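Residue-level listing of the chains:
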Amino acid sequence: MELKEQLLKYLIREGPSLKEGNRVWDISHRRFLYMNPELVKKFLEMRGHERYKQLVIDKEIDLIKHGKGVFVKELGGDNFNLIDLGCGDGIKAESFIDIFKDSKVKIKFCPVSVSKELVDLTLKNVKTKKFSSISDYTSKIACFEEADEIISELRSTDYQKNVILFLGSILASFDINEYLFNISNSMFPGDYLVIGNGIRKGQRLVNLETYKHRVFREWTMPLVKELGFSDNEVEYDVKFNHIRVELIYRIKVDKEIEFNGRKISFKIGDEIMVAKLYKYFPEELEKFCKFYFSDVKILADADGEYALVICKK
């Protein structure tokens, strides 16, 4: 099913919500952002942008290196599946795998994404490094909501432990309790989940300008174009609604779109929400994770803006 068809079917089924007098059409399911070649291309361009690299990628890699002692101590004894959930291009998984280069542990590497292109790119990049600790590879094309099934499927006699990388603030796109509940239920005692997520200190309403950068607009605009809007028919904006950052497009023209005999009527002033990001204070993130895991460690960066959360089932 093509992305446009999926988006329109979803909008017809869900309809708009009403917030502060405005109609909001919510297509912020994370999977939509990787579901065609143009979106993948824009995603990789965003990852390559210096600002995003500094804010997310560099911070996660530094924290992975900083946590080497913890990871090697906790995981260095048993072979494990390394599940890179929402794999991107593999650069962060490479940093994680590299810390086991002096260990005897054997790793089966499994990148997971809704995009086959991203899975293939990750496999290519990781295989090029020829890590001695990797003894096997597999991969899965699946959306984030299917993570619990993937985790259960990969366990085997040779690889009884699972380690899940959930980096890039992907968790921020979901209801944290529901997602952690589902993923923890698929894990066995001794399994690990490593979350990378933005954190907050002081007032929540900060750094909105970061998300107003053109790189975020360029990544998400293809979704709006799939619905039938051109650049001059919408206006990109970022909002904060007390608990999350919302990336939205404000509609500037009345437009009616017909699909499968049904009509969707967009009005001037309507908003299309293409992404949402929940950001938590460190103590909030720790509290949520402790509901579902026996041991939780938080490694925060020096600026107090990003953290790795190491969760043991």
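One structure accompanies this document, and this report is about it. Since this is a predicted model, take the numbers as computed values, not measurements.

1. Thoughts on the overall build of the protein
Helix and strand counts for the protein come out as eleven helices and 15 strands. For 313 residues, the compact-globule estimate of 2.2 N^0.38 gives 20 Å, and the protein sits close to it at 20 Å. Seen along its three principal axes, the alpha-carbon backbone of the protein occupies a region of about 65 × 45 × 35 Å. Taking all 313 residues of the protein together, 53% fall into the buried category. Just so you have it, the protein exposes about 14200 Å², and 48% of that area is on carbon and sulfur atoms. Charged side chains in the protein number 51 positive and 50 negative. The centres of these two groups are separated by 2 Å.

2. Side note on the nonpolar core
With 109 residues, the main nonpolar core has Ile27, Phe96, Leu180, Ile183 and Leu193 as its most contacted residues. The residues contacting Ile27, other than those within four sequence positions of it, are Leu7, Tyr10, Leu11, Phe32, Leu223, Leu227, Ile272, Met273 and Val274.

3. Observations regarding the sheet that holds strand β9 (residues 234–240)
Sheet architecture is open: five strands sit in the order β1-β2-β13-β10-β9, paired in mixed fashion. At either end of the open sheet lies a strand with only one pairing partner, and these are β1 (17–19) and β9. Taken pair by pair, the neighbouring strands of this sheet meet at an average axis angle of 40 degrees, ignoring direction.

4. Digging into the packing of aromatic side chains
The full count for this structure, using the stated rule, is 22 aromatic pairs. Here Phe291 and Tyr292 contribute two aromatic rings whose centre-to-centre distance is 6.1 Å and whose plane-to-plane angle is 90 degrees, an arrangement assigned as edge-to-face. Look at Phe291 and you get exposed, because its relative accessible area is 53%. The exposure class assigned to Tyr292 is buried, which follows from its relative accessible area of 19%.

5. Remarks on the pairing of strand β3 (residues 80–85)
The buried fraction of β3 amounts to six of the six residues, a majority that puts the element mostly inside the structure. The alternating pattern of β3 places Phe80, Leu82 and Asp84 and Asn81, Ile83 and Leu85 on opposite faces, both of which are buried. Bridging between β3 and strand β4 (residues 107–113) involves six bridges; their strand directions are parallel. Each residue of the ladder has a partner; that of Leu82, found in β4, is Phe109. Read as a crossover between parallel neighbours, the route from β3 over helix α5 (residues 91–98) to β4 is right-handed. By the bridge criterion, five bridges tie β3 to strand β7 (residues 161–166) in an arrangement that is parallel. Note on β7: the bridge partner recorded for Phe80 is Lys161.

6. What about the pattern of salt bridges?
Overall, the coordinates contain 28 salt bridges when judged by the stated rule. Asp231 is paired through a salt bridge with Lys225; the nearest N and O atoms lie 3.7 Å apart. The class for Asp231 is partly exposed, based on a relative accessible area of 38%. By relative accessible area, Lys225 is classed as partly exposed at 41%.

Scoring rules and cut-offs
- Residues numbered from 1 in each chain as written.
- Predicted model: local features only at pLDDT ≥ 70, side-chain atom pairs only at ≥ 80, totals over all residues.
- Heavy atoms only, no water.
- Helix = DSSP H or I, 4+ residues; strand = E, 2+ residues; numbered from the N terminus.
- Rg over C-alpha atoms; globule rule 2.2 N^0.38 Å.
- Buried < 20%, exposed > 50% of the residue type's maximum accessible area, 1.4 Å probe, protein only.
- Areas by Shrake-Rupley, 256 points an atom, 1.4 Å probe, with all protein chains shown as cover.
- Lys, Arg positive; Asp, Glu negative; His and termini not counted.
- Charge placed at Lys NZ, Arg CZ, Asp CG, Glu CD.
- Core = buried A, V, L, I, M, F, W, Y, C linked by side-chain atoms within 4.5 Å.
- Contact = heavy atoms within 4.5 Å.
- Pairing = 2+ DSSP bridges.
- Axes fitted to C-alpha atoms, helices over the stretch in contact; angles between N-to-C directions.
- Phe/Tyr/Trp six-rings, centres within 6.5 Å; stacked < 30°, edge-to-face > 60°.
- Right-handed = clockwise from strand over helix to strand, strands pointing away.
- Salt bridge = Lys/Arg side-chain N within 4 Å of Asp/Glu carboxyl O.

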